[in-house]
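Survey of secondary and tertiary structure
Next come the chains, spelled out residue by residue.
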Amino acid sequence: MLIQEELVSVLKEKNMTIASAESCTGGMISQMITDVSGASAVFELGVCSYSNRIKINVLGVAKEIIDEYTEVSARCAEEMAIGAMRLSNADIAVSTTGIAGPGGGTEENPIGTVYVALAADGAVVSERKNFNEDLCNDRAVIRRRCAEYVLAKALEYAKRAD
């Protein structure tokens, strides 16, 4: 069973919903969830917020957060997840923001660096991951690894939920 199939199944079983706010994954999380038949019962919203303008104006990320921490930061990922939660009222909201490559990496945030966040039950947790550990510099691979990781984190949370 694919991770997204298991996630949709568990969310249905627990009568839970999910939303996403994506930057570097460009809607891939939304696509993977909605590829599953019956996902409409659990998927509330997907915002592809590739530009900072959308992060600010739609998701409600404070411009000061982007100015101080940049859009490639834990703080931005957290605010994106909170924004998706606010817009959808879903039980779980996930977000991604990072550098899929093959260009754009910096010393601080090399290619493959992604900040992911999960908001649920009034809390938000984020982490910094590098999905280019083998230095493939392959944009499609990095985006796919990130999307699968986020789906796995959402599944892990959903399985533990009451």
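Details of the structure are given in the entry above.
Small disclaimer: the values here were computed from a predicted structure and weren't measured.

Counting residues in each nonpolar core, the largest one holds 55 residues, and the members touching the most others are Leu7, Leu11, Ile18, Ile33 and Ile92. At ten residues, the largest contribution of residues to this core is made by helix H6 (residues 139-160). Non-local contacts of Ile92, meaning those with residues more than four positions away in its chain, are made with Leu11, Met16, Thr17, Ile18, Ala19, Met85, Leu118, Ala119, Ala120, Ala154, Tyr157 and Ala158.

Following both chains from N to C, one finds helix H1 (residues 3-13) and H6 inclined at 25 degrees, their axes separated by 9 Å at the closest point. Comparing the axis directions of H1 and H6 gives the class roughly parallel. Like other packed secondary-structure pairs, H1 and H6 cross with a definite hand, here left-handed. Seen from H1, the contacting residues are Ile3, Gln4, Glu6, Leu7, Val10 and Leu11; seen from H6, they are Leu151, Ala152, Ala154, Leu155, Ala158 and Lys159. Each residue belonging to the contact of H1 with H6 can be placed in one class, and the counts come to nine nonpolar, one polar and two charged.

Attention now moves to H1. Those residues of H1 that sit buried are Gln4, Leu7, Val8, Val10 and Leu11. Axial view of H1: buried residues confined to an arc of 165 degrees, hence all on one face. Where H1 is buried, its residues meet strand E1 (18-22), helix H2 (28-34), strand E3 (92-98) and H6. Looking one or two places after H1, you find Asn15, whose phi comes out positive at around 55 degrees.

About the criteria used
- Residues numbered from 1 in each chain as written.
- Predicted model: local features only at pLDDT ≥ 70, side-chain atom pairs only at ≥ 80, totals over all residues.
- Heavy atoms only, no water.
- Core = buried A, V, L, I, M, F, W, Y, C linked by side-chain atoms within 4.5 Å.
- Buried < 20%, exposed > 50% of the residue type's maximum accessible area, 1.4 Å probe, protein only.
- Helix = DSSP H or I, 4+ residues; strand = E, 2+ residues; numbered from the N terminus.
- Contact = heavy atoms within 4.5 Å.
- Axes fitted to C-alpha atoms, helices over the stretch in contact; angles between N-to-C directions.
- Parallel < 35°, antiparallel > 145°, perpendicular 65-115°, else oblique.
- Left-handed = near helix turned anticlockwise from the far one by under 90°.
- Nonpolar A, V, L, I, M, F, W, Y, C, P; charged D, E, K, R; others polar.
- Arc of directions from axis to C-beta.

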